[in-house]
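What follows is each chain in one-letter form.
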Amino acid sequence: MPPHALLNSASSGNVPHAQGPRVHFKLQPQTIIPEKKKSPPSSLTNGNGKSIRPQSFTPGLKRSKSLTSADALASGMAALGLAADAGDLGTFPPEIQECIDKALEDPNAVCARTLMDAVGHLVSRAVESPRYALPAARRCIAVVEREQTETFLESLLNTCQQWYHDRDKLLGAMIGGGRPRLMAFLSFLLEMYCQLRRRAIQRRGASAQPGHVLLALICKCCEDCIRQPVPSASDTENLFFVLTYIGRDLETQLPGDLERLLTAVRDAFLNTAAAPSIRRTLLQLIELHASRWQLPGCAVLYYYPSSK
């Protein structure tokens, strides 16, 4: 995947004027074209096409500054199904769509059972495909920001923990050497974590903060991906992409979990049965951590020789 071209800033010194007649160049006047303003993102709509959240949402995951190659991140976003547009969640049966719509329209006007059921429906759809990660996360955040009892948030965190606990049963199917449902679940967790962090959403009680809970689950999912007998190329690339986003947060908040994950990465790198491309990605990840999540220029040239 081609990285950004390395930009070299040209500098000029003081050049003395040569003796003799001067040559004058007639410059064509430049026409300044005003930049078009970007239209704000559309609001979410329910199953009947009715707007349920008039305020605009912030875009999806921001690109990390931890990696020099933006194209690598773009490729990772495509692999995980994290697009810039929220899209939709597909079609639900009428009763399920009504449950989700009620939770979105006014989470404080419905009973706790409706909120808990809405959580189950959204998470179940999110793990079907990585492309549902962003729209599902945005709908969850829309409810979390408006509810007053934290019932939806508590149910969401408990459901995510339960899904991970039962991952072998719910997320464990191997297809083509990878685990697509586990990667879809990881995509949803990553989107939820970034949305919560961006909005600085905190619990009011003394319980563990939602961002901390999700960060721990993300790290565990990454460890599961890398501890396979022979990690798949797609899972390895996705692991590298995820850590460009949360590597610094893991190092700050969960250093023990990060160390355990990096130990698994080093073990996988030493596994001679892994393909050269997989070992190369793992080595890049090890160097990314060693350079404090900012690859130096020489490493970029090594891993992306086309940037020379």
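Structure: above.
Residues numbered from 1 in each chain as written. Predicted model: local features only at pLDDT ≥ 70, side-chain atom pairs only at ≥ 80, totals over all residues. Heavy atoms only, no water.

Undergrad: Outline unusual backbone geometry, supporting the account with residue identities and numerical values.
TA: At Glu-150, a position not held by glycine, the phi torsion is positive, near 65°. Checked against the element boundaries, Glu-150 lands in the loop between helix H4 (133-146) and helix H5 (151-165). Look at Glu-150 and you get buried, because its relative accessible area is 13%. (Helix = DSSP H or I, 4+ residues; strand = E, 2+ residues; numbered from the N terminus. Buried < 20%, exposed > 50% of the residue type's maximum accessible area, 1.4 Å probe, protein only.)

Undergrad: Describe helix H7 (residues 180-199), naming the residues involved and giving the relevant values.
TA: With 20 residues, H7 ought to run about 28 Å at 1.5 Å a step, and its terminal C-alpha atoms sit 29 Å apart, in line with that. Immediately downstream of H7, the backbone of Ala-200 shows phi near 50°, a positive value. (Expected span 1.5 Å × (residues − 1).)

Undergrad: So what about the environment of Arg-197? Which residues, and what values?
TA: Considering the arrangement of structural elements, one finds Arg-197 in helix H7. Residue class for Arg-197 comes out partly exposed when judged on its relative accessible area of 40%. Between the C-alpha atom of Arg-197 and that of His-212, which follows or precedes it by 15 residues, the distance is 9.8 Å. Contact partners of Arg-197, with chain neighbours within four places excluded, come to Tyr-245 and Asp-249. For Arg-197, the side chain forms a polar contact with the side chain of Asp-249, separated by 2.3 Å. (Contact = heavy atoms within 4.5 Å. Polar contact = N/O pair within 3.5 Å; in protein donor to acceptor, adjacent residues only side chain to side chain.)

Undergrad: Report on the nonpolar core, specifying residues and quantitative values.
TA: Judged by nonpolar contacts, the single largest core of 80 residues is most densely connected at Phe-152, Leu-156, Phe-185, Phe-188, Met-192, Ile-218 and Ile-246. When near neighbours in sequence (up to four residues on either side) are disregarded, Phe-185 contacts Val-127, Cys-160, Trp-163, Tyr-164, Leu-171 and Cys-221. (Core = buried A, V, L, I, M, F, W, Y, C linked by side-chain atoms within 4.5 Å.)

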